[in-house]
Each structure stands twice: as C-alpha cells, then as structure tokens.
Amino acid sequence: MTHASERSLTTYLTGFVLAVILTAIPFALVWGELLTGPAVYIVIAVAAVLQVLVHLVFFLHLDLKHTPGENLFFLGFAAVLIFIMVGGSLWIMMDLHHRMM
Amino acid sequence: MGEMSVTSELLEHEEKKSLDSREFGFWIYLMTDAVIFALLFATYVVLAKNSAAGPTSKELFDLGHTAGETALLLLSSLTFGMATISMSEDRLNRVVQWLIVTLVLGLGFLAMELIEFHGMIAQGAGPETSGFLSAFFTLVGTHGLHVTFGSIGICVMIGQVLVKGLTLPVRSRLIRLGLFWHFLDIVWIGIFSVVYLPGVM
C-alpha cells in the first residue's frame, strides 16, 4: 500500500514538473518576444499537445495496458469527431474568408 | 453465518461492478464535454480577429494575469492528486485537508477570472461588443462555469467524506470528481494556448 502510494506521488510530481516546464516555455517565448512569426505558433501548439498528453498520462492515469479498452475507444472516437468538426469548420471558414478578400 | 458472508461478498462484488460502470459512463460524459469545448474553440478561432473596431485581444489581455490563473489551476490539479493518494492510504483527515486546499485554489482561480471579466466589461469590452468578445466570453465563461460546478462538487465531497467516511461509493465519487477536475485543467491548456498567448502577439 505504502509502496503503491509512493509511486503515485512520484507520478503526480513528475506530471506537475513536466506541466510547469511545458507551460513556462510558450509563456516565456511570447512574454520575452524571443521568437516571431509562424515559429511561435508551432512551439505553442507542440507544447500544448505534449502537455495534454502529460496530463492524460500522469494525472488521468491513462495507460495503454491497464486502461479499459472501451475508455480508450471513446477517447479515440472523441478525437476523430473533434478533428472532423473543428478541422472542417476552420477549413471552410478560412477558405470563405480567403475568397471574400 | 457462512451464508451471510457469502451474501455480503456478492453484494460488494455487485456494488463494485455498478460503480465501475458509472466511472465508464462519466468518462463518456467527459468526452462529449470535450467535443463541446472543441467547437467553442473552433468558433473562437474563426471570430478572434473580428473585433468590429472595438478593443482587440492585444489591448485587453494581460499575460501576467493569465499566468497566475494557470498556476492556480495546475497547483489545484496536483493537490487533488494528493487527496486521491491520501484516499488510497485511508487517511480521512488528509483527504479532507487536500480537498480544502484544492477548493481554495479553485476559488482563487474563479476570483481572478471574475476580476478579469469585470475589468473588461467596465472598459466597454463586454460580450455584446464584437464577435471576438462574444466568442471569448462564451468559451472562457463555459470553462469558468465548469470550475464553479467542480468547486460545488468538492464542497459536497468534503461533506460526504466527513459524514459517510471513505466508503466504496464515496471513493468512486471522489475519483470521478478527480477526473472532472483534471479534465478542466486540460481544457485550460487549450485556452491559454489558443486564446491568450496568440492574443497578445
């Protein structure tokens, strides 16, 4: 019992430190104007995706081996829905915007 | 006597199964909530530049304020984790203490958000001003509303832990509330990455 809880304490602390680092990088870049142009957006996007994964693994304890398959299936299903609806909306609206210029 | 223990064992087994399926149901709810937020994000991205000659995101956003909100929410995720760990160690008082710390951090986040909203509305940058501000208040406000309900949930769980003790259903509810709370922190990553950071550039 103590061993398992020690391990989960390390898990939470690891997740927390990684999340702090992945938050500090984009904030520092934008705050200090260290980078400009499209590169900043790429760094922000990559840091955000990595941090979402850090939260899923270290805080929500998502694990490809131990999490029930149904949970992963619904996570994947939601990801596909989000990709189609958000990607599709942005594609259509940006295209429309472009044609109106 | 033997029959009694078999019955209670069966009951406990059934209770565990029913609680497991509730956890799965709650997971499905979280995924549908993620879809709602994703669409609010899409709406915001489409409307972000449409400030209708009113105040723009660059004039309104304060990165220091956002960093403070981010710190409070991330810390509260860690302290909820500490409450979960204390629960697995059967330390009732510790669970309550960590839940109170989490609640204080969550309320601090809400206070900062309300100060920000109030300041913006006082400057004439309310949700009715432009497409950008409508989308901003809808997205960030919906997240704030979730944090509000999460905070109410923490209050309820503090009460249940104190009154009922760490029974099987109470543990299951606490785990589900934890999923909800960590989920809100994930949505906040999206908010500072999509709304605030690009907004001040």
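Please read all numbers here as calculations on a predicted model, not as lab measurements.

Quick notes on the rules
- Residues numbered from 1 in each chain as written.
- Chains lettered and ligands numbered in written order.
- Predicted model: local features only at pLDDT ≥ 70, side-chain atom pairs only at ≥ 80, totals over all residues.
- Helix = DSSP H or I, 4+ residues; strand = E, 2+ residues; numbered from the N terminus.
- Rg over C-alpha atoms; globule rule 2.2 N^0.38 Å.
- Buried ≥ 20, exposed ≤ 12 C-beta atoms within 10 Å, placed from the backbone.
- Expected span 1.5 Å × (residues − 1).
- Contact = placed C-beta atoms within 7 Å.
- pLDDT = per-residue confidence, 0-100.
- Arc of directions from axis to C-beta.
- Core = buried A, V, L, I, M, F, W, Y, C linked by C-beta atoms within 7 Å.
- Axes fitted to C-alpha atoms, helices over the stretch in contact; angles between N-to-C directions.
- Parallel < 35°, antiparallel > 145°, perpendicular 65-115°, else oblique.
- Left-handed = near helix turned anticlockwise from the far one by under 90°.
- Nonpolar A, V, L, I, M, F, W, Y, C, P; charged D, E, K, R; others polar.

### Points about the overall build of chain A
Counting its regular elements, chain A contains 3 helices and 0 strands. In sequence order, the secondary structure elements of chain A are arranged as α-α-α. Computed over the C-alpha atoms, the radius of gyration of chain A is 19 Å, more than 25% above the 13 Å expected from 2.2 N^0.38 for a compact globule of 101 residues. Its C-alpha atoms put chain A at 65 × 40 × 10 Å along the principal axes. For chain A, with 101 residues in total, the buried portion stands at 16%.

### Regarding the overall build of chain B
Counting its regular elements, chain B contains 6 helices and 0 strands. Each helix and strand of chain B, ordered N terminal to C terminal, gives the series α-α-α-α-α-α. Taken over the C-alpha atoms alone, chain B extends approximately 80 × 30 × 25 Å along its principal axes. Counting only residues that meet the buried cut, chain B has 37% of its 201 residues in that class.

### So, helix α4 (residues 92-122) of chain B
All names here are of chain B. If you check α4, its first and last C-alpha atoms are 45 Å apart, about what 31 residues at 1.5 Å a residue would give, namely 45 Å. Next to the buried residues of α4 lie α3 (63-88) and α5 (131-164). Directly beyond the C-terminal end of α4, a positive phi value near 85° is found at G124.

### Some thoughts on the confidence of the model for chain B
Predicted confidence across chain B gives a mean pLDDT of 95, with 99% of residues reaching 70 or more. Across the assembled chains, the prediction reports ipTM 0.91 with pTM 0.93.

### Here we look at the environment of I42(A)
All names here are of chain A. Structurally, I42 can be placed in helix α2 (residues 38-59). In this structure I42 comes out as exposed when scored by C-beta crowding, with 11 C-beta atoms within 10 Å. Separated by 16 residues in sequence, I42 and P26 place their C-alpha atoms 9.9 Å apart.

### So, the interface of chain B and chain A
Listed as interface residues are 33 residues of chain B and, on the opposing side, 35 residues of chain A. Sorting the residues of the side of chain B that touches chain A by element identifies α1 (2-47), α3 and α6 (168-200) of chain B as the ones contributing at least two each. In terms of residue count, α1(B) provides more of the side of chain B that touches chain A than any other element does, 12 residues in total.

### Things to note about α2(A)
All names here are of chain A. Compared with the 32 Å implied by 1.5 Å per residue over 22 residues, the 31 Å span of α2 between its first and last C-alpha is a close match. Among the residues of α2, I44, A47, A48, Q51, V54, H55, F58 and F59 are the ones counted as buried. Burial along α2 is one-sided: seen end-on, the buried residues are contained in an arc of 125°. Away from its buried face by more than 90 degrees, α2 exposes P38, A39 and I42. One or two steps after α2, the chain reaches H61, where phi turns positive at roughly 50°.

### Here we look at the nonpolar core
Residues F136(B), L139(B), I191(B) and V195(B) are the most contacted members of the largest nonpolar core, which totals 60 residues. When residues of this core are traced back to their parent elements, those giving at least two are α1 (2-31) and α2 of chain A together with α1, α3, α4, α5 and α6 of chain B. Per-element tally for this core: the top contributor is α6(B), with 15 residues. In this view, F136(B) contacts Y44(B) and V195(B); residues no more than four positions away in its chain are not counted.

### Remarks on the environment of S86(B)
One can find S86(B) in helix α3. Excluding its chain neighbours within four sequence positions, the residues that come into contact with S86(B) are R91(B), R94(B), V95(B) and W98(B).

### Some thoughts on unusual backbone geometry
All names here are of chain B. Phi is positive for A53, close to 60°, though the residue is something other than glycine. Positive phi outside glycine occurs at D90, with the angle close to 60°. If you trace the backbone, D90 turns up in the loop between α3 and α4. We classify D90 as exposed; it has 12 C-beta atoms within 10 Å.

### Overview of the packing of α3(B) against α6(B)
All names here are of chain B. Two elements in contact, α3 and α6, have axes whose closest approach is 10 Å; the angle formed by their N-to-C orientations is 160°. One finds that α3 runs roughly antiparallel with respect to α6. The element α3 and its partner α6 pack so that their crossing is left-handed. Packed against α3, whose contacting residues are L63, T66, T70, L73, L74, S77, F80, T84 and M87, the element α6 presents R171, L174, G178, W181, H182, D185, W188, F192, Y196 and V200 at the interface. Across the contact of α3 with α6, the residue classes tally to 11 nonpolar, 6 polar and 2 charged.

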